[in-house]
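Examination of the molecular architecture
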Amino acid sequence: MAHAGIKSWYTFLWDCLLACTQTRIPAVILLSFVLAVGFLLIILSCALWGNWLPLLVALTFVVAPLPNAMFSRCGGDDFSTEYDGSGPVDLGRFITAFVVVTGFALPLVLAHSEIIAPGACAMSIAGGALVYGTILAYSATFTEASSDFD
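The chain carries the name Vacuolar protein sorting-associated protein 55 in an unreviewed UniProt entry, which gives Trametes pubescens as its organism. Recorded under Sequence similarities (unreviewed entry), the UniProt text for the chain is reproduced unchanged: "Belongs to the OB-RGRP/VPS55 family." As recorded by UniProt, the Subcellular location (unreviewed entry) comment attached to the chain reads in full: "Membrane".

In structure tokens:
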């Protein structure tokens, strides 16, 4: 009798797992875990060495996708087949790239000038990369593909 109960329990768990994989719940759970690890690394890079300047890295990586998101809607005509280039879209990409490079370079400059420790520099760069990668993965996962008939 106990064996039948365990089998039904495993069947129930397997059905729940299949239902979760068909939705986007596992992606949200994974992305939230990676984001938490990224922020943990950034906060630990500040707290372990007693210098809170590496926290600026979190700010730069959170702000980084904003120009790209704001200027992406300023594109050209949807009916054109050629890429003529759009000034506002290119400006948004340039500002985003500038902020991302700043997020990686700021801890290196602070470590070179001996304001923060090299360990704090490595932890803040790794944490910042995880935070920005999570933001990119979230936007890539949850953007809906545009239909040709909209």
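More follows now that the structure is in view.
A few words on the pattern of salt bridges. Should the charged atoms of two oppositely charged side chains come close, the side chains can pair. Applying the stated criterion across every chain yields a total of one salt bridge. Among the salt bridges present, the one from R93 reaches D90, with a minimum N-O distance of 3.9 Å. Taken together, the residues R93 and D90, both in helix α5 (residues 87–112) and three residues apart, mark about one turn of the helix. With a relative accessible area of 46%, R93 lands in the partly exposed category. Since its relative accessible area comes to 34%, D90 is described here as partly exposed.

UniProt tags residues 25–45, 52–71, 91–110 and 117–140 as "transmembrane region" (unreviewed entry). Between the end C-alpha atoms of residues 25–45 there is a gap of 30 Å, over a span that is 100% helix and 0% strand. Taken end to end, residues 91–110 is 100% helix and 0% strand, and its first and last C-alpha atoms sit 28 Å apart.

Secondary-structure assignment places T96 in helix α5. Engagement of the side chain of T96 in a polar contact is seen with the backbone oxygen of A64, the distance being 3.2 Å. Each residue touching T96, except ones within four places of it in the same chain, is listed here: A64, P67, N68 and Y132.

At 3.6 residues per turn, the α-helix brings residues three or four places apart onto the same side. End to end, helix α2 (residues 25–47) covers 32 Å across 23 residues, agreeing with the expected 33 Å (1.5 Å per residue, within 8%). Among all positions of α2, only L31, G38, I42, S45 and C46 are buried. Looking at the packing, one finds that the buried side of α2 touches α3 (55–63) and α6 (118–142).

Right, let's talk about the packing of α2 against α6 for a bit. Helix-helix packing: each pair is described by the crossing angle between the helix axes and the interaxial distance. At a minimum axis separation of 7 Å, α2 and α6 run at an interaxial angle of 155°. As judged from the angle between their axes, α2 and α6 are roughly antiparallel. The crossing of α2 and α6 is left-handed.

This part takes up a nonpolar patch on the surface. Nonpolar side chains collect at one region of the surface, where L53, L56, L59, V63, L66 and I115 lie side by side and expose about 490 Å² of accessible area between them. For the nonpolar patch, the element with the most residues is α3, which contributes three residues. Its location among the elements puts I115 in the loop between α5 and α6.

Right, let's get into α6. The end-to-end C-alpha distance of α6, which contains 25 residues, comes to 36 Å, matching closely the 36 Å that a straight helix rising 1.5 Å per residue would cover. Among the residues making up α6, those that are buried are A120, C121, M123, S124, I125, G127, G128, V131, Y132 and T134. At its buried positions, α6 is contacted by α2, α3, α4 (65–71) and α5.

Reading guide: rules and limits
- Residues numbered from 1 in each chain as written.
- Predicted model: local features only at pLDDT ≥ 70, side-chain atom pairs only at ≥ 80, totals over all residues.
- Heavy atoms only, no water.
- UniProt positions renumbered as here; feature names shortened; annotations may be inferred.
- Salt bridge = Lys/Arg side-chain N within 4 Å of Asp/Glu carboxyl O.
- Helix = DSSP H or I, 4+ residues; strand = E, 2+ residues; numbered from the N terminus.
- Buried < 20%, exposed > 50% of the residue type's maximum accessible area, 1.4 Å probe, protein only.
- Polar contact = N/O pair within 3.5 Å; in protein donor to acceptor, adjacent residues only side chain to side chain.
- Contact = heavy atoms within 4.5 Å.
- Expected span 1.5 Å × (residues − 1).
- Axes fitted to C-alpha atoms, helices over the stretch in contact; angles between N-to-C directions.
- Parallel < 35°, antiparallel > 145°, perpendicular 65-115°, else oblique.
- Left-handed = near helix turned anticlockwise from the far one by under 90°.
- Patch = residues over 30% accessible without salt bridge, like charges linked within 9 Å, V, L, I, M, F, W, Y side chains within 5 Å.
- Areas by Shrake-Rupley, 256 points an atom, 1.4 Å probe, with all protein chains shown as cover.

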